Amino acid sequence: MTPLEWAIVALAAVGAFFGGVAAVGIVRLPDIYTRAHAASKSDTLGAVLALAAVALAIQTDLSTIKAVFLLLFMFLTNPTAAHAIARAAEDQGIRPWAAENREGDP
Amino acid sequence: MTVPDPHRLLVPVDDSVTVRNTVAYAIDQAETLRRDGDAPVELHFVVVPGTRAVDPDAPEELGAATDLLDRVAVWTDEDFGGDPPEGLSVTLEVVGADRYLFSPGDYADVLLEYAADRDIGRAILDPEYNPGGAAPMLRPLEIELARNGLEVEEAPVEREARQTVLARAATLPKYLSVFAASYLFYLLLSPWKPLDFFTGAITATLVSALLAPIAFSKQPSITRVPVQLVRMTIYVPYLLWQIALANLHIAKVVLHPSLPIDPTVVRYRAAVWGDAPVTTLANSITLTPGTLTISVSDRAFNVHSLTDNSRDDLEAGGLERAVRFVFYGREAAAIASPGERDDCEEVTYDG
């Protein structure tokens, strides 16, 4: 394998790992706010790394540029979406889960 | 120096829609004070020339300031029906013209200095006071003045209901910037055939015609925007690094068998002003170590943080500093961190 291929595989693998972390986080974390953390951060990085792998793999100039733009927009839109969800939850009066209620309440 | 005297009123004025009513209210208050007590009442109207007057010798800016004071003088004459009565003195002054003013803190410093020199104990603010341009100024200024022992009051003047303005009058620079940005974007994505240049121009024209009025909240400046873009390219690698750290941190916490989280919500007053910086900071906070912006109003952020660790990072204020650097330059990065300013507090929920 060439170094480029290694890079592509590494990016895709790390991206997949963080995508997995996001999924595990959504299952394991206790409430909407903490889950939004997993969804906004790990998911962004996972998708962005995968896109970076795509950009390297395609190699034709135009599509690479498009992939890079997609990547940039992920950085802009993902936190915005997470913010919208968290804010909607706050508007609904949902209280954040706190460490005290680790026992008992979910 | 003696104790600040509540009979001495400081009224910062600016060319706003409500300045006339604010002046009237201040005079009314001064009159009431004079009639109720026997202490002499002083009324100080001061103009702080805005950031536009960076060049202290810019004659037109100082001209605008003295112009405004002339108008205030006419209004006081009108309201007193001539000279101010016995026991009430009116002072008109331009202050801070020799300084580079940039944040509400700077304005507050100038006003506080003036107030301290003259033992002024009370300030009346115009609710539309905003000498700094587009960035909201009033709240931070009020807080700053009140913290330094002034009695602060907003003049209860009538004004038109203020809503967030989405569309503003579009100007040529706005059209040109939107056109240039969309044309460049189009060409980047096109295979560079002659036809593309043509269709790109048409598309960019349409886009700028439709979006120029809402694309900017204030006039794009030909000198400032490129500098901000350059600083942005310094910021992005830093942000990427922070994002990488954030994800390792989250991965560690999420995959840890005992799930060591201790979430809290922190209310956090950021020292950034204006739409673009606040948005950038809010998004950056969401992307980085264990913190998530829940809601923002003006510059008060409600930030949900996952662990203690991430809370400390927030208080250290690295991101905030970086965002200030991008939008305002290096000297702005030196403002104290949120922890030092005591601008973070934990939000507790009852029950």
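Use the structure listed above.
I will try to describe carefully the structure that is included in this document. Starting afresh in each chain, residues are numbered from 1 along the sequence in its written order. Here the convention is simple: chains get letters from A, ligands get numbers from 1, in the order in which they are written. Where totals are concerned, whole chains, interfaces and linings use all residues; where local detail is concerned, this predicted model gives features only for residues with pLDDT of at least 70, and gives and counts side-chain atom pairs only at 80 or more. Based on all heavy atoms of the structure, the side-chain values leave hydrogens and waters out of the count.

Under the scheme used here, helices are H or I runs from DSSP no shorter than 4 residues and strands are E runs no shorter than 2 residues, and both carry numbers assigned from the N terminus. When helices and strands are tallied, chain B shows eleven helices and nine strands. Residues classed as buried in chain B amount to 44% of the 351 residues present. Nonlocal contacts in chain B, meaning residues at least 24 apart in sequence, comprise 73% of its contacts between residues at least 6 apart. Approximately 17,600 Å² of chain B is accessible, and the part contributed by carbon and sulfur atoms is 58%. Relative accessible area decides the class of each residue, using a 1.4 Å probe on protein chains only: under 20% of the type maximum gives buried, over 50% gives exposed, and in between gives partly exposed. We call two residues contacting when some pair of their heavy atoms lies within 4.5 Å. To measure how exposed things are, a 1.4 Å probe is used in the Shrake-Rupley method; for residues, cover is taken only from the protein chains shown.

So, on to the overall build of chain A. From N to C terminus, chain A includes three helices and zero strands. Counting from the amino terminus, chain A carries its helices and strands in the arrangement α-α-α. Across the 106 residues in chain A, those meeting the buried criterion constitute 36%. Carbon and sulfur atoms make up 68% of the accessible area of chain A, which totals about 5,700 Å².

Okay, the side chain of N78 of chain A next. All names here are of chain A. The topology assignment puts N78 in helix α3 (residues 61–91). Classification of N78 as buried rests on a relative accessible area of 18%. Non-local contacts of N78, meaning those with residues more than four positions away in its chain, are made with D43, T44 and F73.

All names here are of chain B. Between any two strands, pairing holds if DSSP finds at least two bridges. Across the sheet, which stays open at both edges, the five strands sit in the order β3-β2-β1-β4-β5 with parallel pairing between neighbours. The open sheet has two free edges, formed respectively by β3 (88–94) and β5 (151–154), since each of these has just one partner strand. The mean inter-strand angle of the sheet, taken between neighbouring strand axes irrespective of direction, is 25°. The convention used is that axes are lines fitted to C-alpha atoms, helices contributing only their stretch in contact, and that angles between N-to-C directions extend from 0 to 180 degrees. Where helix α4 (residues 138–147) meets the sheet, its contacts fall on β4 (120–125) and β5, and the angle it forms with β5 comes to roughly 155°.

Moving on, we get to the packing of helix α8 (residues 275–287) of chain B against helix α10 (residues 318–328) of chain B. Residue and element names in this part refer to chain B. Direction vectors running N to C along α8 and α10 enclose 150°, while the axes themselves pass 10 Å from each other. Between α8 and α10, the angle is such that the two are roughly antiparallel. As for the relative orientation of α8 and α10, their crossing is right-handed in sense. Note on element contacts: α10 touches α8 through L319, E320, V323, F327 and Y328, opposite A276, P277, T280, L281, S284 and I285. Any residue that is not Ala, Val, Leu, Ile, Met, Phe, Trp, Tyr, Cys, Pro, Asp, Glu, Lys or Arg is counted as polar, Gly included; the first ten are nonpolar and the last four charged. Taken together, the residues of the contact of α8 with α10 sort by class into eight nonpolar, two polar and one charged. Each angle receives one of four descriptions, namely roughly parallel if under 35 degrees, roughly antiparallel if over 145, roughly perpendicular if within 65 to 115, and oblique otherwise. Less than a right angle of anticlockwise turn of the near helix away from the far helix marks a crossing as left-handed, whereas a clockwise turn marks it as right-handed.

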